[in-house]
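Descriptive structure summary
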Amino acid sequence: MNYIVFDLEWNQTINQNNKNKTDALQFEIIEVGAVMLDEDFNEISRYSSLIKPVLHQKIHPIIKEITKITDEELQTQRDFKTVISEFFQWCGEDYVLCTYGNQDLMELQNNLEYHGINCMELGIRWSYPMMYIDVQKIFGLAQNENNEQRSLESAVIQLNLVQDKDFHRALEDAIYTAGILRKMERDLIFGNYSLDYYRIPETRQEEKEIKISGHNEFISTGYDCKEMLLEQPYLYVTRCVICDKKCRKKIKWFADNSKYICVSVCPEHGIMEGTIHVKHNKIRDVYYAIRKVGLINDEELENIILKKENIKERRRQKRQRDKNKKLL
């Protein structure tokens, strides 16, 4: 199996008055660059191509300044379908996609959707939900910066990689991303795959729990509104990440800002935290949930208990304030 480290450059509309006409594709891909690595992360080959735009035909001034790509260059290039077909032929059949951040993979699928491209016809045999390697996330974990998203240039500087290429061109950024990937510990990389959420299950029958990076991850099908989604009992079931048996709740689900948290117990394998995040899928205009379940230690359990008590106390104080206002 090979690793395809890829990067994209894209253009967007200059005239904001035309925004409603181009909502279907905010960012149009104008360049693809990639590096193919073998199982030991040795470079095998490279791919690079510009793409002639059909929607945003005039390069945005900021994009032009950053990438140095000109309108004249793009007008002589091939169309998106031709280039992307060639790119995936170059990728081969057995590979894992690697990106710096999650936006490139999302915009690639946005562009495929917009151009009405049938992936199977192009030989793109992705299985869904799709797992990939987010090098930005891996770098953050290596630096113990789980919530901070470092720029590609910042990561290159911190790792003392040779800076002999300009940033903000697809192939050059893919080469830098591959360099960062090589610097990461293998256990960290393979223990922290990411799951792409662009395509969610169409029906309940397509839903499934995925074992990924030491935890269970579940993506629900879509519902018309959040309330309907949160009424589904199956959403709150937690299973052991080791034996798959249904767990007993130690701390029932509670709301923590934009997510929901619970603690469950497997008699054989220990204590687990469950989290639910509600998301909006713009393509289908539906709401779906991502549920994750993973093992936690005693310290993490104490933090959850403290968090729930703090939330409970804040709500109590709010009720008291509201009551006092009514008495005034």
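That block above? That's the structure.
Here the residue numbering is sequential within each chain, running from 1 through the sequence in written order. Per-residue local features of the predicted model are confined to residues with pLDDT of at least 70, and side-chain atom pairs are confined, for both listing and counting, to 80 or more; whole-chain, interface and lining totals are unaffected and use all residues. The side-chain numbers reported here are obtained from all heavy atoms of the structure, hydrogens and water having been left aside.

The next point concerns the overall build of the chain. When its secondary structure is counted, the chain shows 10 helices and 12 strands. Each principal axis of the C-alpha atoms in the chain carries an extent, and together these give about 70 × 50 × 40 Å. Across the 328 residues of the chain, 46% fall into the buried class. Working rule for contacts: check all heavy atoms of both residues, and any pair within 4.5 Å makes them a contact. For the chain, contacts bridging at least 24 residues in sequence account for 62% of all contacts bridging at least 6. Accessibility throughout is a Shrake-Rupley quantity obtained with a 1.4 Å probe, and a residue counts as covered only by protein chains that appear here. Here the chain displays about 18300 Å² of accessible surface, and carbon together with sulfur accounts for 46% of that area. Charge convention: Lys and Arg are scored as positive, Asp and Glu as negative, and His as well as the terminal groups of each chain are ignored. The location of each charge is read from NZ of Lys, CZ of Arg, CG of Asp or CD of Glu. Each charge sign in the chain was given a centre, from 47 positive and 52 negative side chains, and these centres are 10 Å apart. Put simply, DSSP marks the helices as runs of H or I at least four residues long and the strands as runs of E at least two long, and each gets a number from the N terminus on. Accessibility here uses a 1.4 Å probe with only protein chains present; expressed as a share of the type maximum, an area under 20% marks a residue as buried, one over 50% as exposed, and anything in between as partly exposed.

So, on to the sheet that holds strand S10 (residues 259-266). By this definition, two strands are paired if DSSP reports at least two bridges between them. What the six strands build is an open sheet, ordered S7-S8-S12-S11-S10-S9; its pairing is antiparallel. Among the strands making up the open sheet, the edge pair consists of strand S7 (209-212) and strand S9 (248-256). With strand direction ignored, the average angle separating the axes of adjacent strands in the sheet is 20°. Bridge count between strand S8 (residues 215-219) and strand S12 (residues 286-295): five bridges; the pairing is antiparallel. Bridging across to S12, Ile-219 finds its partner in Ile-290. Axes, fitted as lines to C-alpha atoms, cover a helix only where it is in contact. Angles between the N-to-C directions of the axes lie from 0 to 180 degrees.

If you trace the six strands from one edge of the open sheet to the other, you get S3-S2-S1-S4-S5-S6, paired in mixed fashion. With partners counted over all chains shown, the strands left at the sheet margins are strand S3 (43-50) and strand S6 (194-195), one partner each. One ladder, built from two bridges, connects strand S4 (residues 95-99) with strand S5 (residues 131-134); its direction is parallel. Along S5, the bridge assignment pairs Cys-98 with Ile-133. Of the strands in this sheet, S4, S5 and S6 touch helix H5 (residues 135-142), which is tilted by about 55° from S5.

So, on to the pattern of salt bridges. Salt bridge, as used here, is a side-chain nitrogen of Lys or Arg placed within 4 Å of a carboxyl oxygen of Asp or Glu. Enumeration over the complete set of coordinates arrives at 12 salt bridges. We note a salt bridge from Arg-169 to Glu-31, for which the minimum N-O separation is 2.9 Å. Here the residue Arg-169 occupies a position in the loop between helix H6 (152-158) and helix H7 (170-183), and Glu-31 occupies one in strand S2 (residues 28-37), the gap between them amounting to 138 residues. Judged on exposure class, the residue Arg-169 and its partner Glu-31 are both buried. Between Arg-78 and Glu-86 there is a salt bridge; the shortest N-O distance is 3.0 Å.

This paragraph deals with the environment of Ser-154. Within the fold, Ser-154 resides in helix H6. Polar contact criterion, stated in full: a pair of N or O atoms within 3.5 Å, where within protein one must be able to donate a hydrogen and the other to accept it, and residues adjacent in sequence count only if both atoms are side-chain atoms. Side chain to side chain, Ser-154 and Arg-150 meet in a polar contact 3.1 Å long.

Together, Lys-252, Lys-308, Lys-312, Arg-314, Arg-315 and Arg-319 make up a positively charged patch on the protein surface. With five residues, helix H10 (residues 298-327) is the largest single contributor of residues to the positive patch. Secondary-structure assignment places Arg-314 in helix H10. Residues forming no salt bridge and having over 30% relative accessible area are the ones grouped into patches, like charges within 9 Å of each other and nonpolar side chains (Val, Leu, Ile, Met, Phe, Trp, Tyr) within 5 Å.

Any two cysteine sulfur atoms lying within 2.5 Å of each other are counted as a disulfide. Under the counting rule described, the total for this entry stands at zero disulfides. Cys-98 provides the cysteine sulfur closest to Cys-91, a residue in no disulfide bond, and the two sulfurs are 11 Å apart.

One non-glycine residue with positive phi stands out, namely Asn-160, at about 60°. Looking at the secondary structure, you find Asn-160 in the loop between H6 and H7. Given a relative accessible area of 68%, Asn-160 falls into the exposed group. Positive phi outside glycine occurs at Asp-285, with the angle close to 55°.

Interhelical geometry of helix H3 (residues 80-91) versus helix H4 (residues 103-114) gives an angle of 130° and a closest axis separation of 11 Å. It follows that H3 is oblique to H4 by the angle criterion. Where H3 crosses over H4, the two elements pack in a sense that is left-handed. Contacts between H3 and H4 pair Phe-80, Ile-84 and Phe-88 from the former with Leu-108, Asn-111 and Leu-112 from the latter. In this count, Pro and Cys sit with the nonpolar residues alongside Ala, Val, Leu, Ile, Met, Phe, Trp and Tyr, while Asp, Glu, Lys and Arg are called charged and the others, Gly among them, polar. Considering only residue class, the contact of H3 with H4 consists of five nonpolar, one polar and no charged. For classification purposes, an angle smaller than 35 degrees is called roughly parallel, one larger than 145 roughly antiparallel, one from 65 to 115 roughly perpendicular, and anything else oblique. When the near helix sits turned anticlockwise from the far one by under a right angle, the crossing is termed left-handed; a clockwise turn instead gives a right-handed crossing.

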